[in-house]
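Here's the letter readout for the chains.
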Amino acid sequence: MTEAALKTFLQQPFSKNNQQTLLNQLFGDALTIFTQPRILVETTDTVRLAQQIGSVALSDGRNLAIMDVAVTDAIQIARNRKGLRDVAAKYIDQNIIHGALVFFHSPTQADYRLTFIARYSAIDLDSLELVKNETAPKRFAFVLGPNEACTTASRRLMELGSKQTVDLKALTDTFSVEPLNREFFKQFKDVHFKKIWQYLAEYHWTDILGDVSLPEDQNERDKQAKPIRDFAKKMLGRIVFLHFLQKKGWMGCSNDSISWANGDRRFVQTLFEQFAHPNQFYSRCLTKLFFDTLNNPDRPNLSFEIAGLEPCRVPYLNGGLFDRDLRPDGQPLADTIDLPTDYFRSLLQFFDQYNFTIDENSPGDYEVGIDPEMLGHIFENLLEENREKGAFYTPKEIVQYMCQESLIQHLTYHLTAELGEAQQPALLTAMTELIRDGSRGDVKNRQNLITQHAPRIEELLDTLKICDPAIGSGAFPMGMLQEIFAVKMTLDLTLNRAEVKKGIIRDTIYGVDMETGAVDIARLRFWLSLVVDEDEPQPLPNLDYKIMQGDSLLESFEGVKLDKILQEQEVTYVVENGQIDIFGRVADPQISMHFSDEKKQQLRDLLRLYYDPHALKQRGLKKETVKAQVETIVHDHLDYNFELVERSLERRIGDLDDEIMDIDKAMRNNPNEPKAKRKQKEDQIARKQKSIAALQTQLATVRASQQKLNALDPANKPYFLWHLFFPEVFDRADGLPGGFDIVIANPPYIQLARIPIEAAQYQREGYQTFEKTGDIYGLFYEQGIRLLRPGGVLTYITSNSWLQTQYGKPLRQLFAQQTDPLTLLNFADTRLFETAVVETNILLARKSSMRKDNEPFQLQAATVGADFDKDRETLPDYIARNAFTLIDLPVEGWSVGDAQSGALKKLMDENGKKLGEWRISINYGLRTGLNECFVLSEETKKTLIQKDRRNEEIIGPVLRGRDLRQYTINFSNLSILIS
């Protein structure tokens, strides 16, 4: 069978004959079909019949079970992965030794699912027998049938069937998602995205940028073309989003029906193929679809009509994804942009090869296709600023662990406070099982704790406030949404899935990022998460004031404080010694700012109203009207903050003028005053005039800053107003201390020395962890603690360089003073990020002001080394095997090895002499980037010496930290060249 024939074969509905043919194609003589299938389970609510129909003897000695599961209509095969996972976990996982290939099908559904479940085994070195690994099996699936492209499946299965022998690794490679994702991203970025933006830059420069001259220098041209690349990203993002919608069957439904079913699952491709003017596909077709259709609720029966095509139904989506685009100067983008016909044809043919899965893959459960999580990864990698700003994509296993641990700590903390410390161990166990297993677990062993306190757990989840101050593509907030959603559905199966998600997004999730593109991606992922659970399309919520653009580290602009403007307090800028310090503030009854309770409530009501498109419709309001009201409040209070500074400066100038007039008057009234005293008064006047000149300069600067602020692009603000935009977080209606319950992030890693302008602003902001030689993630740690309410949990993954460096000392002091560290994982010599050579750590810490001086820490710690294999065990399982209690964390440096190495270090510290005690000065080690040093291989070293023997004098051996071993070194034959 050829690959093309196999693709056609896989697109047929499921049948027993096709099943047999496919199995023979894949395994040949290694396949055994049972004459009498083994029944696993007969009829239940979800399963008609589950049975093992055969087995495959794999070439590595392992055994693969072949299973057939007919499901009921309670399971939707193409989308209900959760239901299928539950079926597998209950009836299949425990019945397999090494792996299983499972056909999930239904006589009433066209598509079927081919799932590979792997339980890895290891060799017992004593008995040389295969032993079962008890960690949770991994599940990988292809969705096949008439509604699927089956391109990837046919290619992968063809490769598997062509092998002489098949082992467990070959099966895993066939169903693996990572190579598919890399392949998709490479083609998407290097071919389609690059080709499109470069064409737009050449032929549509002024259409997108407006009155901006085209630079002759290519580098400058590429730099100024960023808005063009952003436009290309957004256009592609919209098209990809439609691929998920058409997978739901919502695009191109019959115009004669009111239902949302049986739409065209190739709607965008069909639209292009049938459109009469393909060379104007964007300007005359997509713009009408985007801006006049998907964004327009006022269409009869939500019809989409365009010349030459049969009218059909297309949903109204709202949310902002299909709002009309603006140029950088704020003017609407003209609908005159087009691409060559072949560009769209090749792009849509490329998309046609892939399965767009509707819900997100989770660790341990993968559908082989492009899922929403992958979409976020793709577009995050297209943000060219990310690499230079130290932002990296976080693996989903790490995201899940951090989200789960944060929730476990939050629930355990609050329940313990209510039930007593004696219940803490049992509560921790119960919450761990609830969060990680998504089930009530062994009720008997835990005295029914989850069931008993389920209403209170739900209350704690309903009032939970979570923020990611460096949201990127939204991995952590999305992870928190999924975990909270799973718990709420576990506690109450009667809840409406889509409404639960909307409530979590509305009441719990917050995020901020500097990059507008990142904010767009994060919002898109939340919209997709809602689409998954809707049976019919619903208007998407407006996330403008939930996931927002801004600099999380600054609540000021050019030195003028903009923070806490919702507080009813008196605010002024203090003058000392004739000079005004516009960065400090003291009470002054003459300059007070009053933000009334009525105004607070008005803003809060507007923000909540804006989120909900249904509420807007009921009130007969357009979202643009409500947004304008919100922005008016924002602008009024920004202006008022500047007015405070200006009035303070003007008053001080007036006071000095009065003082000069008084001195001058006294001099005129006493013409015979001694020369010495007269000279003294003249000097006073001169000093005051000098102060006036300085104050006038400051006043002009402040006024200029205000003009700059008013002229800023609203989508690119270099600050963020935490207390204004999130009033329900910092001014809680329940009267409890304000702040977030959980702050979770993978903040950027970048040396402050590389961003001197921004670093100066951060230093002015008063961060106690600021060090000129430090890293920006240190400031994110401090800001995260600032944003937490007392008892809140900080969960960050960052570079681990702060643990022992000198510039990390203020950060270690901050943790000692204001937190109770709970868990510290050090990923030593383990690269979590494919694009970054950096060792990382995960820290969970609780905000606390109760720590006494010199009170010892006591936290769970573990070093995660190169022996951690995410394909063979989960991170929690690895930690459980390797964790130890760490109680010695001196401010001079934190050492996280294991219990034995910790004891050895303590012994060395007590008996040895540290480098700092010797008469030497070490500012920093080798800085290969800044000092233009180069690490050379042995081959390069020899080549350089052969060319010039004198090179030997400036080449020397180098050892890295990773080359050091206990009692010895592992020299890698590397050298260093210093120019």
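Residues numbered from 1 in each chain as written. Predicted model: local features only at pLDDT ≥ 70, side-chain atom pairs only at ≥ 80, totals over all residues. Heavy atoms only, no water.

Visitor: What exactly am I supposed to notice about the overall build of the protein here?
Guide: A count of helical and extended segments in the protein gives 33 helices and 30 strands. The buried share of the protein, reckoned over its 979 residues, is 52%. Put simply, of all contacts in the protein between residues at least 6 apart along the chain, 68% involve residues at least 24 apart. Within the structure as shown, the protein displays about 45,600 Å² of accessible surface, and the carbon and sulfur contribution to it stands at 49%. (Helix = DSSP H or I, 4+ residues; strand = E, 2+ residues; numbered from the N terminus. Buried < 20%, exposed > 50% of the residue type's maximum accessible area, 1.4 Å probe, protein only. Contact = heavy atoms within 4.5 Å. Areas by Shrake-Rupley, 256 points an atom, 1.4 Å probe, with all protein chains shown as cover.)

Visitor: Sorry, what's going on with the sheet that holds strand S15 (residues 547-549) here?
Guide: Note: strands within a sheet are paired through backbone hydrogen bonds, in either parallel or antiparallel orientation. Pairing is mixed in the open sheet, where nine strands are placed in the order S15-S14-S13-S20-S21-S23-S22-S24-S25. At either margin of the open sheet sits one strand with a lone partner, and together these are S15 and strand S25 (884-886). Taking the axes of each pair of neighbouring strands and ignoring which way they run, one obtains an average angle of 20 degrees across the sheet. As judged from the three bridges shared by strand S24 (residues 859-863) and S25, these two strands associate in the antiparallel manner. If you follow Ala 861 over to S25, its bridge partner there is Phe 884. Set on the sheet, helix H21 (residues 516-533) makes contact with strand S14 (509-513) and S15; between it and S15 the angle comes to about 170 degrees. (Pairing = 2+ DSSP bridges. Axes fitted to C-alpha atoms, helices over the stretch in contact; angles between N-to-C directions.)

Visitor: How do you make sense of the sheet that holds strand S10 (residues 303-304) when you look at a structure like this?
Guide: As summarised here, the arrangement of the three strands in space is S9-S11-S10, forming an open sheet in which the pairing is antiparallel. Only two strands of the sheet have a single neighbouring strand rather than two, namely strand S9 (253-254) and S10. Pairing geometry for S10 and strand S11 (residues 312-313), over two bridges, is antiparallel. Across the sheet, Ser 303 pairs through a bridge with Arg 313, a residue of S11.

Visitor: Would you mind going over the state of the cysteines with me for this structure?
Guide: Disulfide: a covalent bond connecting the sulfur atoms of a pair of cysteines. The full count for this structure, using the stated rule, is zero disulfides. Free cysteine Cys 253: the closest other cysteine sulfur is in Cys 312, separated by 8.1 Å. When its relative accessible area of 1% is taken as the criterion, Cys 253 is described as buried. (Disulfide = S-S within 2.5 Å.)

Visitor: Can you walk me through the pattern of salt bridges in this structure?
Guide: Counting across every chain of the model gives 37 salt bridges. With a closest N to O distance of 3.3 Å, Glu 148 and Lys 247 form a salt bridge. Taken together, the residues span a long stretch of sequence, with Glu 148 in the loop between strand S8 (138-144) and helix H4 (151-161) and Lys 247 in helix H9 (residues 226-247) at a distance of 99 residues. With respect to burial, Glu 148 and Lys 247 carry one shared label: buried. (Salt bridge = Lys/Arg side-chain N within 4 Å of Asp/Glu carboxyl O.)

Visitor: So what exactly am I meant to see when it comes to the side chain of Gln 549 here?
Guide: With respect to the helices, strands and loops of the structure, Gln 549 is situated in strand S15. Taking the relative accessible area as the measure of exposure, Gln 549 reaches 7% and is therefore buried. Within the structure, the side chain of Gln 549 is placed 3.0 Å from the backbone oxygen of Met 514, a separation counted as a polar contact. For Gln 549, the side chain forms a polar contact with the main-chain nitrogen of Lys 717, separated by 2.6 Å. Non-local contacts of Gln 549, meaning those with residues more than four positions away in its chain, are made with Val 512, Asp 513, Met 514, Glu 515, Thr 516, Val 519, Pro 714, Ala 715, Asn 716, Lys 717 and Phe 720. (Polar contact = N/O pair within 3.5 Å; in protein donor to acceptor, adjacent residues only side chain to side chain.)

Visitor: Help me understand the packing of H9 against helix H11 (residues 281-294) in this model?
Guide: The angle between the axes and the distance between the axes are what describe a pair of packed helices. Here H9 crosses H11 at 70 degrees, and the two axes come no closer than 13 Å. In terms of axis orientation, H9 runs roughly perpendicular to H11. In this structure, H9 crosses over H11, and the sense of that crossing is left-handed. Taking contact as the criterion, the partners of Phe 231, Met 235, Arg 238, Ile 239 and Leu 242 in H9 are, on H11, Tyr 282, Leu 286, Leu 289, Phe 290, Phe 291 and Leu 294. (Parallel < 35°, antiparallel > 145°, perpendicular 65-115°, else oblique. Left-handed = near helix turned anticlockwise from the far one by under 90°.)

Visitor: Please explain the pairing of strand S1 (residues 31-41) as it appears in this structure.
Guide: Remember that side chains alternate between the two faces of the sheet whenever the strand is regular. Sheet topology places S1 next to strand S2 (residues 47-57); six bridges connect them, and they run antiparallel. Bridge pairing links Val 41 to Ala 50 in S2.

Visitor: Please clarify how the packing of helix H29 (residues 776-787) against helix H30 (residues 809-818) should be interpreted in this entry.
Guide: Contact geometry of H29 with H30 gives a least axis separation of 10 Å together with a crossing angle of 15 degrees. With respect to H30, the element H29 is oriented roughly parallel. Between H29 and H30 lies a crossing whose hand is left-handed. Each of Gly 778, Tyr 781, Glu 782 and Ile 785 in H29 lies in contact with H30, whose residues at this interface are Leu 811, Leu 814, Phe 815 and Gln 818.

Visitor: Would you take a moment to explain unusual backbone geometry for this structure?
Guide: With the exception of glycine, the majority of residues adopt a negative phi angle, and the majority of peptide bonds are in the trans configuration. In this model, Asn 262 sits at a positive phi of 60 degrees, which is unusual for a non-glycine residue. As for its placement among the helices and strands, Asn 262 is situated in the loop between S9 and helix H10 (267-274).

Visitor: Quick question: what am I supposed to make of the nonpolar core here?
Guide: One recurring pattern in soluble globular proteins is that nonpolar side chains are buried together. Counting 244 residues, the largest nonpolar core has Phe 27 and Phe 726 as the members making the most contacts within it. The contacts of Phe 27, once residues within four sequence positions are left out, are Val 56, Leu 64, Ile 66, Leu 101, Val 166 and Leu 171. By size, the runner-up hydrophobic cluster in this structure holds 19 residues, among which are Val 47, Ile 77, Ile 96 and Ala 100. (Core = buried A, V, L, I, M, F, W, Y, C linked by side-chain atoms within 4.5 Å.)

Visitor: Can you walk me through a nonpolar patch on the surface in this structure?
Guide: A cluster of nonpolar side chains, namely Leu 959, Leu 964, Ile 969 and Phe 971, defines an oily patch on the protein surface of about 360 Å² accessible area. Relative to the helices and strands, Leu 959 is located in the loop between strand S27 (955-957) and strand S28 (964-965). Judged by its relative accessible area of 42%, Leu 959 falls in the partly exposed class. (Patch = residues over 30% accessible without salt bridge, like charges linked within 9 Å, V, L, I, M, F, W, Y side chains within 5 Å.)

Visitor: Would you take a moment to explain the pairing of strand S20 (residues 740-745) for this structure?
Guide: With six of six residues buried, S20 is to be regarded as a mostly interior element. Here strand S13 (residues 466-468) pairs with S20 via two bridges, running parallel. Bridge pairing links Ile 466 to Ile 742 in S20.

Visitor: I would appreciate a short explanation of the packing of aromatic side chains in the present structure.
Guide: We describe a pair of aromatic rings using the distance from one ring centre to the other and the angle between the two ring planes. Summed over the entire model, instances satisfying the criterion amount to 46 aromatic pairs. Pairing Phe 272 with Phe 281 gives two aromatic rings, centres 5.1 Å apart and planes at 85 degrees, and the pair type is edge-to-face. The burial state of Phe 272 is the same as that of Phe 281; both residues are buried. Aromatic pair Tyr 781 and Phe 815: ring centres 5.2 Å apart, planes at 90 degrees, arrangement edge-to-face. Placement of Tyr 781 in helix H29 and of Phe 815 in helix H30 is noted, with a sequence separation of 34 residues between them. Members of the aromatic cluster, joined through ring pairs, are Tyr 510, Tyr 545, Tyr 610, Phe 720, Trp 722, Phe 725, Phe 726, Phe 730 and Phe 740. Against the face of Tyr 510 rests Lys 546, its NZ or CZ located 3.5 Å from the ring centre. (Phe/Tyr/Trp six-rings, centres within 6.5 Å; stacked < 30°, edge-to-face > 60°. Lys NZ or Arg CZ within 6 Å of the ring centre and 35° of its normal.)

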